[in-house]
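Examining the three-dimensional arrangement
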Amino acid sequence: MVYSEPRSQRELPKYAEEYQPPIWKSYLYQLQQEAPRPKRIICPREVENRPKYYGREFHGIISREQADELLGGVEGAYILRESQRQPGCYTLALRFGNQTLNYRLFHDGKHFVGEKRFESIHDLVTDGLITLYIETKAAEYISKMTTNPIYEHIGYATLLREKVSRKLSKSKNEPRKTNVTHEEHTAVDKISSLVRRAALTHNDNHFNYEKTHNFKVHTFRGPHWCEYCANFMWGLIAQGVRCSDCGLNVHKQCSKHVPNDCQPDLKRIKKVYCCDLTTLVKAHNTQRPMVVDICIREIEARGLKSEGLYRVSGFTEHIEDVKMAFDRDGEKADISANVYPDINIITGALKLYFRDLPIPVITYDTYSKFIDAAKISNADERLEAIHEVLMLLPPAHYETLRYLMIHLKKVTMNEKDNFMNAENLGIVFGPTLMRPPEDSTLTTLHDMRYQKLIVQILIENEDVLF
């Protein structure tokens with residue numbers, strides 16, 4: 001992530017010449033290089049009852065004063081000891097900042113004194129010394145890291161977005177060159193994942209549903225810089241967090257400031273089913289999950305008059321085959337009558353998609369509000385209350401629900417053939433589209449009639465509510 005200047009700007013294509021790589025701030029990296037190195041103080045004698053997961057740095061039951069003396073005032077020196085006051089409890093004694101620091105030490109297959117877990121005591125101490133040194137030397141600097149983030153810098157997030165977007169539009173009209181130089185490749189490679197997300201955000205065809213990043217603690221191999229504040233991510237392991245949907249790498253503290261602008265990368269989306277709804281539509285750049293669009297198109301093309309549509313179940317094995325086809329082939333999945341002549345297999349696959357969502361179409365956050373609205377006795381007030389709650393749904397959820405209700409209204413318009421009215425469909429789709437936040441069988445049973453009523457009202461009044 002540390003970029004060197006190109007050998008000759010004249011050798012680069014114009015768009016690469018305009019591109020200005022972000023300036024990664026190296027101050028914290030320099031501090032990590034300066035941090036004290038661990039120095040293990042070995043016990044000269046064999047200690048009885050030494051835990052098998054500790055080495056010769058274990059000195060048995062000794063006092064704090066004895067430990068301090070053994071460390072000899074050497075920065076980075078460390079030993080392990082058993083507590084005199086609490087036998088069976090172990091302590092890491094570490095020399096830092098001209099004083100001896102004592103930490104309660106734990107082992108559950110890995111060594112830890114806090115959140116981070118290490119394969120060896122040496123790694124734990126190395127990481128601890130880096131953290132102590134940087135947080136001591138740069139406490140004020142760290143506290144101000146997020147005040148002028150590169151993520152929101154005008155030359156980075158706005159102008160660069162326009163430049164990359166112009167380049168993308170030009171590439172559609174200009175013939176491709178076959179003699180691409182090494183320098184051109186180098187320049188293109190310099191565009192970071194953050195820039196690619198900026199270009200995607202600027203894409204006019206992109207549906208700008210807001211999505212939070214799916215950050216998870218991550219261990220980076222080799223030096224890494226935060227894509228929010230541009231500062232070095234210090235430490236030996238778990239230096240920061242990475243969004244598992246788009247790959248954004250930031251400090252844990254910076255993650256709290258990152259806007260909800262995650263642009264999922266299809267390479268990171270392993271499945272179609274069981275994937276968060278908003279994540280899927282943003283990854284595929286669609287208004288709704290393509291599963292919903294493709295299945296509804298197929299059902300409306302050949303199944304609206306099918307008796308018991310959505311009520312009659314297809315073969316479970318065939319439904320699973322459809323699921324696997326979508327997970328494997330995405331929008332290229334073939335669910336035509338040639339492959340699956342029974343339309344109930346397609347309706348079953350659509351219902352399964354909704355049931356498998358980690359967050360239901362009618363979200364956990366809005367569930368109780370919908371149930372409360374369904375309990376209102378006055379029909380007009382109930383309709384108004386449902387409309388208000390609909391406005392609280394995330395955009396992708398709202399659009400998916402709207403599209404499904406338009407479809408189900410068409411199903412009811414063929415009731416004389418399929419025998420499926422809004423009430424029947426409410427019974428089928430109530431528990432499919434909404435689930436209580438707490439996994440309680442009693443709550444689910446109690447709410448079933450309200451779930452049915454909500455879906456029934458949504459179908460009957462789709463032209464008014466949406």
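Details of the structure are given in the entry above.
Since the structure is predicted, the reported quantities are computational estimates derived from the model, not experimental observations. (Residues numbered from 1 in each chain as written. Predicted model: local features only at pLDDT ≥ 70, side-chain atom pairs only at ≥ 80, totals over all residues. Heavy atoms only, no water.)

Counting residues in each nonpolar core, the largest one holds 68 residues, and the members touching the most others are Tyr-310, Phe-326, Phe-354 and Phe-429. Broken down by element, this core gets its largest block of residues, eight residues, from helix 12 (residues 343–356). Each of two domains, domain 3 (282–356) and domain 4 (364–464), supplies a minimum of three residues to this core. Apart from the residues lying within four places of it in its own chain, the contact partners of Phe-326 are Val-272, Tyr-273, Met-290, Val-291, Ile-294, Cys-295, Ala-333 and Ile-335. Leu-28, Phe-96, Leu-129 and Cys-243 belong to the second-largest nonpolar core, a separate cluster that totals 47 residues. (Core = buried A, V, L, I, M, F, W, Y, C linked by side-chain atoms within 4.5 Å. Buried < 20%, exposed > 50% of the residue type's maximum accessible area, 1.4 Å probe, protein only. Helix = DSSP H or I, 4+ residues; strand = E, 2+ residues; numbered from the N terminus. Domains from an automatic or database assignment. Contact = heavy atoms within 4.5 Å.)

Attention shifts here to helix 14 (residues 379–390). Because each turn of an α-helix spans 3.6 residues, side chains separated by three or four positions in sequence point in the same direction. The first and last C-alpha atoms of helix 14 sit 16 Å apart over 12 residues, in line with the 16 Å expected at 1.5 Å per residue. By the burial criterion, the buried members of helix 14 are Arg-382, Ala-385, Ile-386, Val-389 and Leu-390. One face of helix 14 carries all of its buried residues, which in axial projection span an arc of 140°. Away from the buried face of helix 14 by more than 90 degrees, exposed residues Asp-380 and Glu-381 are located. (Expected span 1.5 Å × (residues − 1). Arc of directions from axis to C-beta.)

Okay, the sheet that holds strand 7 (residues 215–218) next. Read across the open sheet, the three strands follow the order 7-8-9; overall the sheet is antiparallel. Two strands lie at the open edges of the sheet, namely strand 7 and strand 9 (249–250), each paired on one side alone. (Pairing = 2+ DSSP bridges.)

This part covers the pattern of salt bridges. Throughout the structure, instances matching the rule amount to 18 salt bridges. Residues Asp-127 and Lys-116 are paired through a salt bridge, measuring 3.3 Å at the closest nitrogen-oxygen approach. Here Lys-116 lies in the loop between strand 6 (111–112) and helix 4 (121–137) and Asp-127 lies in helix 4, a separation of 11 residues in the sequence. With relative accessibility at 4%, the residue Asp-127 sits in the buried group. Each member of the salt-bridge network shares a partner with another, and the members are Arg-288, Asp-293, Glu-399 and Arg-402. (Salt bridge = Lys/Arg side-chain N within 4 Å of Asp/Glu carboxyl O.)

With 20 residues, helix 18 (residues 441–460) ought to run about 28 Å at 1.5 Å a step, and its terminal C-alpha atoms sit 28 Å apart, in line with that. Of all the bends in helix 18, the largest measures some 50° and sits at Asp-447. If you check which residues of helix 18 are buried, you get Asp-447, Tyr-450, Gln-451, Lys-452, Ile-454, Val-455, Gln-456, Ile-457, Leu-458 and Ile-459. Elements that come into contact with the buried residues of helix 18 comprise helix 13 (364–374), helix 14, helix 15 (395–412), helix 17 (422–433) and helix 19 (462–465). (Bend = angle between axes of the 7 residues up to and from the residue.)

Next up on the list: the state of the cysteines. Summed over all chains, the structure comprises zero disulfides. You can see Cys-243 has no disulfide; the closest cysteine sulfur is in Cys-246, sitting 3.6 Å from it. On the basis of relative accessible area, Cys-243 is assigned to the buried category, the value being 0%. (Disulfide = S-S within 2.5 Å.)

This part covers the packing of helix 13 against helix 18. The geometry of helix 13 relative to helix 18 is characterised by a closest axis approach of 9 Å and an angle of 85° between their N-to-C directions. Taken together, the axes of helix 13 and helix 18 are roughly perpendicular relative to one another. Contacts between helix 13 and helix 18 involve Tyr-367, Phe-370, Ile-371 and Ala-374 from the first element and Asp-447, Tyr-450, Gln-451, Leu-453 and Ile-454 from the second. Its residues assigned to classes, the contact of helix 13 with helix 18 comprises seven nonpolar, one polar and one charged. (Axes fitted to C-alpha atoms, helices over the stretch in contact; angles between N-to-C directions. Parallel < 35°, antiparallel > 145°, perpendicular 65-115°, else oblique. Nonpolar A, V, L, I, M, F, W, Y, C, P; charged D, E, K, R; others polar.)

Read these as layout, nothing more, since geometry by itself doesn't imply function.
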